Amino acid sequence: MDKWEYKKLWFGVNGLKMSEFETELNKLGDDGWEVICATELDQGLRILLKRRKN
């Protein structure tokens, strides 16, 4: 059975700067993370990622 780990990111108010959005997602993608959900909020953007546990 596959096992997963999850990570949550915030972009915008009280989180990472929106200017760092693409750079940060590309870095995480290189590390095996995959975006599974993105939610736009008044304060910014919430991203949920997952990757297979080794």
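Nothing here was measured: the structure is a model prediction, and the numbers come from that model.

1. Structural notes on a nonpolar patch on the surface
Taken together, Y6, I36 and L48 make up a surface patch of nonpolar side chains, about 280 Å² in accessible area. Examined against the element boundaries, Y6 turns out to sit in strand β1 (residues 4-12). For Y6, a relative accessible area of 51% puts it in the exposed group.

2. Considering the packing of aromatic side chains
A complete count under the given rule lists one aromatic pair for this structure. Aromatic side chains F11 and F21 sit 4.9 Å apart centroid to centroid with 70° between the ring planes, which places their arrangement in the edge-to-face category. Taken together, the residues span a long stretch of sequence, with F11 in strand β1 and F21 in helix α1 (residues 21-30) at a distance of 10 residues. Since its relative accessible area comes to 1%, F11 is described here as buried. For F21, a relative accessible area of 25% translates into the label partly exposed. One residue, K50, lies across the ring of W4, its end atom 3.9 Å from the ring centre.

3. What about the pattern of salt bridges?
Note that side chains of opposite charge can pair when their charged atoms are close. Under the counting rule described, the total for this entry stands at two salt bridges. Of the charged contacts, one joins D2 and R52 as a salt bridge, the two residues approaching to 3.2 Å between their closest N and O atoms. Taken together, the residues span a long stretch of sequence, with D2 in the segment before β1 and R52 in strand β3 (residues 44-52) at a distance of 50 residues. Here D2 falls in the partly exposed class, since its relative accessible area comes to 45%. Residue R52 is classed as partly exposed on the basis of its relative accessible area of 46%. As a salt-bridge pair, E5 and R51 come within 2.8 Å of each other at their nearest N and O atoms. On the criterion of sequence distance, the pair formed by E5 in strand β1 and R51 in strand β3 is long-range, its members being 46 residues apart.

Conventions used here
Residues numbered from 1 in each chain as written. Predicted model: local features only at pLDDT ≥ 70, side-chain atom pairs only at ≥ 80, totals over all residues. Heavy atoms only, no water. Patch = residues over 30% accessible without salt bridge, like charges linked within 9 Å, V, L, I, M, F, W, Y side chains within 5 Å. Areas by Shrake-Rupley, 256 points an atom, 1.4 Å probe, with all protein chains shown as cover. Salt bridge = Lys/Arg side-chain N within 4 Å of Asp/Glu carboxyl O. Helix = DSSP H or I, 4+ residues; strand = E, 2+ residues; numbered from the N terminus. Buried < 20%, exposed > 50% of the residue type's maximum accessible area, 1.4 Å probe, protein only. Phe/Tyr/Trp six-rings, centres within 6.5 Å; stacked < 30°, edge-to-face > 60°. Lys NZ or Arg CZ within 6 Å of the ring centre and 35° of its normal.

Taken by themselves, the reported measurements are silent on function.
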